[in-house]
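Architecture at a glance
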Amino acid sequence: MNREDLKNLWFLWKAVYRQEKKTMCMVILSAILTAINSYILLVLLGYIIDVANRHAGQKKMMQIIIVTLLIKLLIEVILRWINERINKVLEEYPQEFATRELNRKALTFDYQHLEDPHVQDLRFRSFQRSFYGIGGWLMIVTQSMLKNIISMTIAVVIMIPMFRLNQIKIGYTIGIVSILLVLIMLNYVTGVNNTRKAMNTYFDASNLYNKKLFYLDLFSKIEPQKDIRVMRMENAVFHDINKLFRGVQESEKKQGELYVRRQLTQKTILNISTLLIYLYTSFCAWARLISIGQVVTYAASMSQMMDCANKLAVGFGHLKSAAMYAADYREFLTLQDAKYKGTIPVEKRRDCKFQVEFENVSFKYPGSEQYVIKNLNLKFVIGKKMAIVGKNGSGKSTFIKLLCRLYDVTEGCIKLNGIDIRKYDYKEYCDLFAVVFQDFSIFDFPMGENIAAASIYDKKRVKEAIDKVGLNTLEDKLTQGLDTIVGKECCSDGVNFSGGEKQKIAIARAIYKDAPFVIMDEPTAALDPEAEAEVFEGFDRMVGNKTAIYISHRLASCRFCDDILVFDEGAVVQHGNHEALLAEEGLYGKLWDAQARYYA
Ligand code: ADP
């Protein structure tokens, strides 16, 4: 175990402690009491044998027996009470513990981390391992290690008188203790080696375990089933699954063999040491250096010590693998956000007069050398509808990501009311935008919560949003009104909605948010022509006096906008209303003509 391992473990331990202070204290107390408890009878037995041999002090002996047994009983009652509580926590807690912190991090870290393959990997590994209950496992390992360390210490304390026997050559005791230490070391080294090999075998197979999760996910989703059936992919899937299970079986067999080998070595070493201990203590008793009672106490203490050393070796192996898990967990949770977090509050204005301006903005995606936005200058006209058109890949969606600060600009600056948007409190800044992304997400939540993006919401306003986007025609589908679950994947009495209906739900969500800026990225892509016309006609009503930005590659759908920006390779190449742009020679006219041929 190196320094980094210890740092990772300490990080994980602190995280577990932060969340489960009381349980961790109980774990420590339980370890101490368990260690003490295991010696009470041992010491008592040695005492009883000696008193019985001397035929003396029977009454006192009875008193000591009763008091000791009462103490043992009390310890056991306390232990049972503590352990029941610990077990209860462990039953509920392990899977949830790490996932709670990981979820929080995954939902709040910089958006750009999401597109970094290393972070993706890290996220997957951390989540997968948290699933196996790393927090609870660490508690169990902590308890076991602590118990064994305390137990070994007690054994050494009990054996101290052995080193003080002046009649015996101290060399014998030192000799036997040295042999035991060598056996302990041998046990430790073989134990740790073996555990490492078992862990490596497990990690070598981690891709297989990941794939097992992939199939679990595949079988729980409806979407891929269409491809499997229609494209006749079942044989390919079965073939892959069989290969996967053969791999998992082989890895588990290897892990099992290593486990058996480890047990065999451990037991052999333990038996040899027990034999040595009993030979030595019997020799001392034969030489009348110690009493029969002491033979029992010392021999049992030494065996206990060996057993604890053994378990510590296994514990170290476990700690080593916990450290490997902890490494991913720590790296993920300590990922640094690059985004500057401003603190200026956003002015609250009922009149929605927020002026946004792009000043010489250029942008390239992290890790890419290519500029996708080039020296962009533009000013939104407050309360007007602006359209952005252009070919695929011309930078339209990237423009929205920059506006919403999912990414920060590489050069130049975006200003809100004259102040760099990076200086504003990010959450307050986000409150200014209601966005329907091209790849919007609808969750398996009740309809009302999906639209309000909150679990407590204003039903009247949700219904108004539903009316505005024309979802009110779906009354027979909304069997439980706003409580109807959208989608069937997580809830059998949920309701499936078509792509177009889902798009309307996403638009309703933007309307409900009632933010000063409404941004729609291809908002009608999944709508049929009738529904599209409905959205356009209702657009004025939907956005009211707000500033609207409307992105589409269908030029006809942008005609109703006051101002149209034509994007090409990350730059604005034309600017004006529909008629003015058509009158010019340029990209807009070309795109218009090309589309007119298909839509005519
Ligand atoms: P549009 O919305 O106009 O179709 P985008 O803004 O999505 O275009 O993309 C503009 C350019 O940026 C494209 O060349 C695209 O390949 C590239 N791009 C988009 N997203 C990323 C990303 N996450 N990383 C690197 N390049 C990207």
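Higher on the page you've got the structure.
Since the structure is predicted, the reported quantities are computational estimates derived from the model, not experimental observations.

Rules used in this analysis
- For every chain, the first residue of the written sequence is number 1, and numbering continues from 1 onward in sequence order.
- pLDDT decides what is reported in this predicted model: residues at 70 or higher carry local features, side-chain atom pairs at 80 or more are listed and counted, and totals for whole chains, interfaces and linings draw on all residues regardless.
- Side-chain metrics rest on all non-hydrogen atoms present in the structure, leaving aside hydrogens and water.
- Where helices and strands are cited, they refer to DSSP runs of H or I of at least four residues and of E of at least two residues respectively, numbered from the N terminus.
- The globule rule used for comparison is 2.2 Å times the number of residues to the exponent 0.38, while the radius of gyration itself is calculated over C-alpha atoms.
- Relative accessibility under 20% of the residue-type maximum defines a buried residue, over 50% an exposed one, and the middle range a partly exposed one, all with a 1.4 Å probe and only protein chains included.
- In this analysis, two residues are considered to be in contact whenever any of their non-hydrogen atoms come within 4.5 Å of each other.
- Any two strands between which DSSP finds at least two bridges are classified as paired.
- By convention in these notes, a residue is near a molecule or strand provided one of its non-hydrogen atoms lies within 4 Å of it.
- Polar contact criterion, stated in full: a pair of N or O atoms within 3.5 Å, where within protein one must be able to donate a hydrogen and the other to accept it, and residues adjacent in sequence count only if both atoms are side-chain atoms.
- Accessibility throughout is a Shrake-Rupley quantity obtained with a 1.4 Å probe, and a residue counts as covered only by protein chains that appear here.
- Amino acids outside the nonpolar list (Ala, Val, Leu, Ile, Met, Phe, Trp, Tyr, Cys, Pro) and the charged list (Asp, Glu, Lys, Arg) are all regarded as polar, and Gly is one of them.
- The salt bridge criterion pairs a side-chain nitrogen of Lys or Arg with a carboxyl oxygen of Asp or Glu, the two atoms within 4 Å.
- Remark: nonpolar core denotes a set of buried residues (Ala, Val, Leu, Ile, Met, Phe, Trp, Tyr, Cys) joined through side-chain atoms within 4.5 Å.
- Every axis corresponds to a line fitted to the C-alpha atoms, with the helix fit spanning only the stretch in contact, and the corresponding angles, defined between N-to-C directions, vary from 0 to 180 degrees.
- To pair, rings of Phe, Tyr and Trp, with the six-membered ring standing in for Trp, must have centres within 6.5 Å; the planes then decide the type, stacked if under 30 degrees apart, edge-to-face if over 60, and tilted in the middle.
- In our convention, an over-ring charge means Lys NZ or Arg CZ found within 6 Å of a ring centre and within 35 degrees of that ring's normal.

This brings us to the overall build of the chain. Each helix and strand counted, the chain has 19 helices and 10 strands in total. A globule of 600 residues ought to have a C-alpha radius of gyration of about 25 Å, yet the chain, at 36 Å, is considerably larger. Projected onto its principal axes, the C-alpha positions of the chain cover 120 × 50 × 45 Å. Counting every position in the chain, which comprises 600 residues, the buried fraction comes to 46%. In the chain, of all internal contacts separated by at least 6 residues, the share reaching a separation of at least 24 is 75%.

Ordered by their spatial adjacency, four strands build an open sheet running S2-S1-S4-S5, and the pairing between neighbours is antiparallel. Looking at strand neighbours, the two that pair on one side only are strand S2 (371-379) and strand S5 (419-420), the edges of this open sheet. One ladder, built from five bridges, connects strand S1 (residues 356-364) with strand S4 (residues 411-416); its direction is antiparallel. Residue pairing in the sheet places Ser 362 in a bridge with Glu 411 of S4.

This part is about the site of the ligand. As a matter of local geometry, the ligand sits amid Glu 115, Tyr 365, Val 372, Lys 391, Asn 392, Gly 393, Ser 394, Gly 395, Lys 396, Ser 397 and Thr 398. Gly 393 is positioned such that a nitrogen or oxygen atom in its backbone is 2.7 Å from an oxygen atom of the ligand. Between the ligand and Ser 397, the relevant distance is 2.8 Å, taken from an oxygen atom to a side-chain nitrogen or oxygen of the residue. When the ligand sits alone it has 560 Å² of accessible area, and the protein chains cover 62% of it. If one sorts the elements of the shell around the ligand by residue count, helix H12 (residues 396-403) sits on top with three residues. Class assignment of the residues belonging to the shell around the ligand gives a composition of two nonpolar, six polar and three charged.

As a working rule, side chains carrying opposite charge can pair if their charged atoms are close by. As enumerated under the stated definition, the model contains 14 salt bridges in all. A salt bridge links Glu 501 to Lys 477, with the nearest nitrogen and oxygen atoms 2.9 Å apart. Taken together, the residues Glu 501 in helix H16 (residues 499-513) and Lys 477 in the loop between helix H15 (459-469) and H16 connect sequence positions 24 residues apart. Judged by relative accessible area, Glu 501 falls into the buried class, the value being 17%.

This part is about the side chain of Ser 273. By secondary structure assignment, the location of Ser 273 is in helix H10 (residues 234-286). When its relative accessible area of 0% is taken as the criterion, Ser 273 is described as buried.

Another aspect to go through is the nonpolar core. Membership of the largest hydrophobic core comes to 76 residues, with the highest contact counts inside it found for Leu 138, Met 302, Met 306, Tyr 329 and Phe 332. Looking at this core, the element that brings in the most residues is helix H11 (residues 292-333), giving 18 residues. Residue contacts for Met 306: discarding those within four places in its chain leaves Leu 180, Leu 183, Ile 184, Leu 270, Ser 273 and Ile 277. Leu 471, Ile 507, Ala 548 and Val 566 belong to the second largest nonpolar core, which has 49 residues in total.

In spatial order, the strands read S6-S7-S8-S3-S9-S10; together these six strands make up an open sheet with mixed pairing. In this open sheet, the two strands that pair with only one neighbour each are strand S6 (433-436) and strand S10 (571-576). When the angles between neighbouring strand axes are averaged without regard to direction, this sheet yields 20°. Examined bridge by bridge, strand S3 (residues 385-390) and strand S9 (residues 563-568) share five bridges and lie parallel to one another. Residue pairing for S9: Ala 387 is matched across the bridge by Ile 564. Across the sheet, H12 is in contact with S3, S6, strand S7 (517-521), strand S8 (547-551) and S9; its angle to S8 comes to roughly 150°. Together, S6 and S7 form the strand contacts of H16, whose direction differs from that of S6 by roughly 175°.

So, on to the packing of aromatic side chains. Pairs of aromatic rings are described using the distance from one ring centre to the other and the angle between the two planes. Summed over the entire model, instances satisfying the criterion amount to 19 aromatic pairs. With centroids separated by 5.3 Å and ring planes inclined at 20°, the aromatic side chains of Phe 443 and Phe 445 adopt a geometry described as stacked. By way of ring pairs, the aromatic residues Phe 358, Phe 380, Phe 399, Tyr 429, Phe 433, Phe 517 and Phe 567 are connected into one cluster. One residue, Arg 461, lies across the ring of Tyr 512, its end atom 4.1 Å from the ring centre.

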